[in-house]
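Observations on the model geometry
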Amino acid sequence: MSIDASTATAAELDAADPLAEFRNYFELPEGVYFVGNSLGALPRAARDFVTTEFDRWSTLGVEGHMTGDLAWVSYHDLVTDQLARIVGGHADEVVAMNGLTVNLHLLMVSFYRPTAERHKILIEGHAFPSDHFAVESQIRQRGFDPEQSLVLIEPREGEDALRTEDILATIAEHGDELALVMLPGVQYYTGQVLPMAEIAAAGHAVGAMVGLDLAHAVGNVELELHEWGVDFAAWCSYKYLNSGPGGVAGAFVHRRHVNDQTLPKFLGWWGTNPSTRFEMATEFDAIPTVESWQLTNAPVLSMAALRASLDIIDRAGGVATMRAKSELQIAYFDRRLAETMTGRIRNLTPQLMTERGCQFALQVIGGGGKDVFDQLIEAHMHCDWREPDVIRVAPVPLYNSFADIDNFVETLDRIMS
Ligand SMILES: *Cc1c(COP(=O)(O)O)cnc(C)c1O
């Protein structure tokens, strides 16, 4: 796309958008749906994918587990390659399983191995509460005290985003006391993209493990987990991967660890060799991939819906194509806010394109943000409110148009005038 978001109109940008037709693959609520960062839109085809499984259940009953290409025992394999492309991993490193917080716990069982000398976990001070709770409880579970073992990194006074130099300095400062660095790929509140490759390198340089929460990164920005050498990662799929409420989560374990049978691990029958699993022996024969972290048979109906979305992402050309459009949308949204809302709205999201995903974190200057938010919702401008004072807004390249951005900014302007 050579069209320039700093001068073109929304109509021109939509006309030149190679993904414009993809909006038709989704069912969207009335108005402008800018909340795919919280719950992605429904892919039309998800109805068919789920209905297929209802039909198989109806006609095959329990035999659906073992029958055909869609056999439920291996249904999770149907999404592995697509998820691996999205996160920049290999098929043996990626699996769809459980929920995000569950996966964080399971992966910390393996990758947080505190000793008297090395027992600290570094997270953000403003981590998503579930991540904070998971980490705190892991520290206690191992007999350590969050007072001593939990290191929180915050933006500087008066700043909203974390500085790379501060992250790297904090990692270095705690050095050989640091067991695990666990940070988000994209921060859920500000929308900041963290320097994931640099974090992985810095964590490894001091001998720590490095894990990422990719809830807001997956399907939003390009990821290269294998190349970056990240030890593990987890994500949910109901945000930018459009799998629907409570959709199955994902996990990544780097190839260097997947077949390491010395790692502590919580076990379940879904992690053992599928060719002998149903012999019901009690000797665990680990699958030599990340699949050995699976505990339990996976939610087929949820994975069916996810498949519909992953097919759309493939047809779109993958995250790289989506991101190219997203960058134009970000630039256009920046421009429209600058033209219309200067002095009234402030965006906390970093301005540098490499440091932001599709989400904007808008603050009403002078307060009253909650009231503005309530009126946006009334006008069918779907966005969300995050305490204490941010309206999160996410134009999603798969189904949002440039006209949506105009519509949103014009409505915001009207509400605040
Ligand atoms: C959305 C989100 C969660 C949600 O966790 P679930 O286990 O899926 O309920 C957790 N952490 C982060 C950073 C999130 O953005």
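What this report covers is the structure whose coordinates are included nearby. All residue numbers here refer to positions counted from 1 along the written sequence of the relevant chain. Since the coordinates come from a predicted model, pLDDT governs what is reported: local features require at least 70, and pairs of side-chain atoms require 80 or more to be given and counted, while whole-chain, interface and lining totals use all residues. Computation of side-chain values: all heavy atoms of the structure, hydrogens and water removed.

Observations regarding the packing of aromatic side chains
Any two rings among Phe, Tyr and Trp, with Trp reduced to its six-membered ring, count as a pair given centres within 6.5 Å; such a pair is stacked if its planes are under 30 degrees apart, edge-to-face if over 60, and tilted if neither. Counted under the stated rule, the structure contains 17 aromatic pairs. A centroid spacing of 6.2 Å and a plane angle of 40° characterise the contact between Phe34 and Phe333, whose relative ring orientation is tilted. One end of the pair, Phe34, is in the loop between strand S2 (32-33) and strand S3 (42-43); the other, Phe333, is in helix H13 (residues 319-341), with 299 residues separating them in the sequence. One exposure class covers both Phe34 and Phe333, and it is buried. Per the convention used, a helix needs a DSSP run of H or I reaching at least four residues, while a strand needs a run of E reaching at least two, with both numbered from the N terminus. Think of it in three bands: with a 1.4 Å probe and only protein chains considered, a residue is buried below 20% of the maximum accessible area for its type, exposed above 50%, and partly exposed in between.

Here we look at the nonpolar core
Counting 69 residues, the largest nonpolar core has Ile171, Val181, Leu214, Trp235 and Leu398 as the members making the most contacts within it. For this core, the leading source of residues is helix H12 (residues 300-316), giving 10 residues. What fixes the domain bounds is an automatic or database domain assignment. When residues of this core are assigned to domains, at least three map to each of domain 1 (10-30 + 318-416) and domain 2 (53-313). Those residues within four positions of Ile171 in sequence are excluded, and the remaining contacts are Leu122, Leu178, Val181, Ile199, Ala202, Gly203 and Val206. Among the buried residues, those of types Ala, Val, Leu, Ile, Met, Phe, Trp, Tyr and Cys that are joined through side-chain atoms within 4.5 Å form a nonpolar core. Two residues qualify as a contact provided that any one of their heavy atoms is within 4.5 Å of a heavy atom in the partner residue.

Structural notes on the site of the ligand
Put simply, a residue is near a molecule or strand once any heavy atom of it comes within 4 Å of that molecule or strand. Taken together, Leu100, Thr101, Phe128, Asp131, Asp213, Ala215, His216, Tyr238 and Lys239 form the complete shell of residues around the ligand. A distance of 2.7 Å separates a nitrogen atom of the ligand from a polar atom in the side chain of Asp131. For the ligand, an oxygen atom lies 3.1 Å from a polar atom in the side chain of His216. Computed with a 1.4 Å probe, the accessible areas rest on the Shrake-Rupley method; for each residue, only the protein chains presented here act as cover. Burial of the ligand by the protein chains amounts to 81% of its free accessible area of 390 Å². A per-class count over the shell around the ligand returns four nonpolar, two polar and three charged. Polar contacts here mean pairs of N or O atoms no more than 3.5 Å apart (in protein, one a potential hydrogen donor and the other a potential acceptor; neighbouring residues in sequence count only if both atoms are side-chain atoms). The nonpolar class holds Ala, Val, Leu, Ile, Met, Phe, Trp, Tyr, Cys and Pro. Asp, Glu, Lys and Arg form the charged class, and all remaining residues, Gly among them, are polar.

Thoughts on the layout of surface pockets
If you roll a probe as big as a water molecule over the atoms, it shows you where there is empty space left. Cavities and pockets are defined on a 1 Å grid built over the protein atoms alone: a cavity is a set of grid points where a 1.4 Å probe fits but cannot escape, while a pocket is an open set with protein on both sides within 12 Å along at least five of seven lines, and lining residues are those with an atom within 4 Å of any such point. Grid points are joined across faces, edges and corners, and a volume is the space filled by probe spheres set on the points. Its volume calculated, the largest pocket comes out at about 460 Å³. Taken together, 24 residues line the largest pocket, and the ones lying closest to its centre are Val193, Leu194, Pro195, Thr354 and Glu355. Secondary structure elements with two or more residues in the lining of the largest pocket: helix H8 (196-205) and H13. Per-element tally for the lining of the largest pocket: the top contributor is H8, with three residues. Its residues assigned to classes, the lining of the largest pocket comprises 12 nonpolar, four polar and eight charged. Lining the lining of the largest pocket are residues from two domains, each supplying at least three of them: domain 1 (10-30 + 318-416) and domain 2 (53-313). What the second largest pocket holds in volume is close to 330 Å³. Surrounding the second largest pocket, 23 residues form its lining, His126, Pro155, Asp160, Tyr189 and Thr190 being those nearest its centre. Looking at the lining of the second largest pocket, its residues break down into eight nonpolar, seven polar and eight charged.

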